[in-house]
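# Examination of the molecular architecture
Residue strings, one per chain:
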Amino acid sequence: MKKALFALVCIAPLLLCRCSTTYELKSQTFFAMNTFVTVSTAKESTAEEIKALTDKYEKLFSRTLPQSEISILNNDGSLVAKDDTLLLLDKAVQVAKATDGAYNPCMGSVVSLWDISSGKNNVPDSEAVAKALVGTSFENLCIDDNGVSLLQRGTQIDLGGIAKGYALDKAYDKARELGEENFCISFGGNVGVHGSSPSSLKTDKTGWNVGITNPFDKEKTLGTLLMTEGFISVSGAYERYFKKDGKIYHHIFDPKTGYPSESDIACACVVSTDAALGDALSTAMFVMGSDRAREFYKSGQYDFDMILILNDKSILVSDELVPLFSLSDTENFKVKQI
Ligand code: AMP
Ligand code: MG
């Protein structure tokens, strides 16, 4: 990743020459996998293909569609899974191990108990939370030659923290396969870009200026990250939440407590060349909090970069991203290098 970003900086002048003529992109937005998906590509037919792909992955990975592979696994406790499901579950288990369960795909019962986006705004009592936590150890998800099995009664898989990233990986590959050079695809907080945006061609910084939402005022952009290739995944408390008695209850849970995670991070952004990995890692960094997240980043277990926006309004930016990140709200926020 570090090498890739270095290359991005170096090839920027070349892109400037190559892309001196402007071009138009067509954007299509549709709702899938519980979020808005926007595809900006040269050909409309590319968006149609991506829509069909997304539909296919939603039918495999959804926890709420009764016929999905994940629903079958949750109901039956075992599954002879299709390759995509196997690959994604395997990646989910790897990240769960690496992050010591901060990212945990076995949190289905907790996610369903809180049902954050349902509009019910219900805070479950501590007994119900304790009950939902039974069987949530990620070690209960077992993948071997016979397929996938859940080792404890009550374990429920939820891939909400990784499946959009996986679908984005596949959408990105599809766009490249169809000859798209300059495009941007977003699955809610997961964005993939390639080449440059038409508007950037009028500047000396070609690429995509990906806006990063101010987690304290989601109508505003806090800054931008210049990218020409790859993915950014954002996990923030502001994305899905309800407020009750002045307290915010959001959709990212601490697997140790079963309650919405209360770390010092307001928003975790992970930049990577693997969207599913980036998706799971941004969820994990959010749960870990800045000290553990920094330690994890520095351990070099995975090749990624990150921006952490903390509740005290400091922004921790990993080395490689420093020249690519532009802070617009310099009055309220302060950038620090990791
Ligand atoms: P994201 O927005 O990518 O950070 O993912 C949040 C979604 O992942 C939630 O809506 C849940 O479906 C699921 N989730 C919540 N907490 C966790 C966690 N600690 N580990 C894995 N998935 C989680
Ligand atoms: Mg995620």
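The following paragraphs examine the structure supplied in this document. (Residues numbered from 1 in each chain as written. Chains lettered and ligands numbered in written order. Predicted model: local features only at pLDDT ≥ 70, side-chain atom pairs only at ≥ 80, totals over all residues. Heavy atoms only, no water.)

## Focus on the pattern of salt bridges
Summed over the entire model, instances satisfying the criterion amount to 11 salt bridges. Asp158 is the partner of Arg63 in a salt bridge, and the nearest nitrogen-oxygen pair spans 2.8 Å. Of this pair, Arg63 sits in the loop between helix H2 (44-61) and helix H3 (69-76) while Asp158 sits in the loop between strand S5 (147-150) and helix H7 (163-177), placing them 95 residues apart in sequence. A relative accessible area of 26% means that Arg63 is categorised as partly exposed. Asp158 gets classed as buried once you look at its relative accessible area, which sits at 15%. A salt bridge links Lys247 to Glu262, with the shortest nitrogen-to-oxygen separation between them at 3.3 Å. Taken together, the residues Lys247 in strand S12 (residues 247-250) and Glu262 in the loop between S12 and strand S13 (265-272) connect sequence positions 15 residues apart. By relative accessible area, Glu262 is classed as exposed at 66%. Several salt bridges share partner residues, and in doing so they unite Glu49, Lys174 and Glu177 into one network. (Salt bridge = Lys/Arg side-chain N within 4 Å of Asp/Glu carboxyl O. Helix = DSSP H or I, 4+ residues; strand = E, 2+ residues; numbered from the N terminus. Buried < 20%, exposed > 50% of the residue type's maximum accessible area, 1.4 Å probe, protein only.)

## Overview of the sheet that holds strand S7 (residues 190-194)
On the basis of which strands lie adjacent, the open sheet formed by nine strands has the order S1-S2-S6-S7-S10-S13-S14-S15-S17 and mixed pairing. Only two strands of the sheet have a single partner each, and these edge strands are strand S1 (26-32) and strand S17 (334-337). The average undirected angle you get between the axes of adjacent strands in this sheet is 15°. Pairing of strand S2 (residues 35-41) with strand S6 (residues 183-187), which is carried by four bridges, proceeds in the antiparallel orientation. Its bridge partner being in S6, Val39 is matched across the sheet by Ile185. (Pairing = 2+ DSSP bridges. Axes fitted to C-alpha atoms, helices over the stretch in contact; angles between N-to-C directions.)

## Observations regarding the coordination of the magnesium ion (ligand 2)
Coordination of the magnesium ion (ligand 2) by the protein comes from Gly161 (O), Asp279 (O), Asp279 (OD) and Thr283 (OG1), over a distance range of 2.0 to 2.6 Å. In primary sequence terms, the donor set of the magnesium ion (ligand 2) follows G-x117-D-x3-T. Taken together, the residues span a long stretch of sequence, with Gly161 in the loop between S5 and H7 and Thr283 in helix H8 (residues 275-288) at a distance of 122 residues. Both residues of the pair, Gly161 and Thr283, count as buried. (Donors = N, O, S within 2.8 Å, 3.2 Å for Na, K, Ca; no water.)

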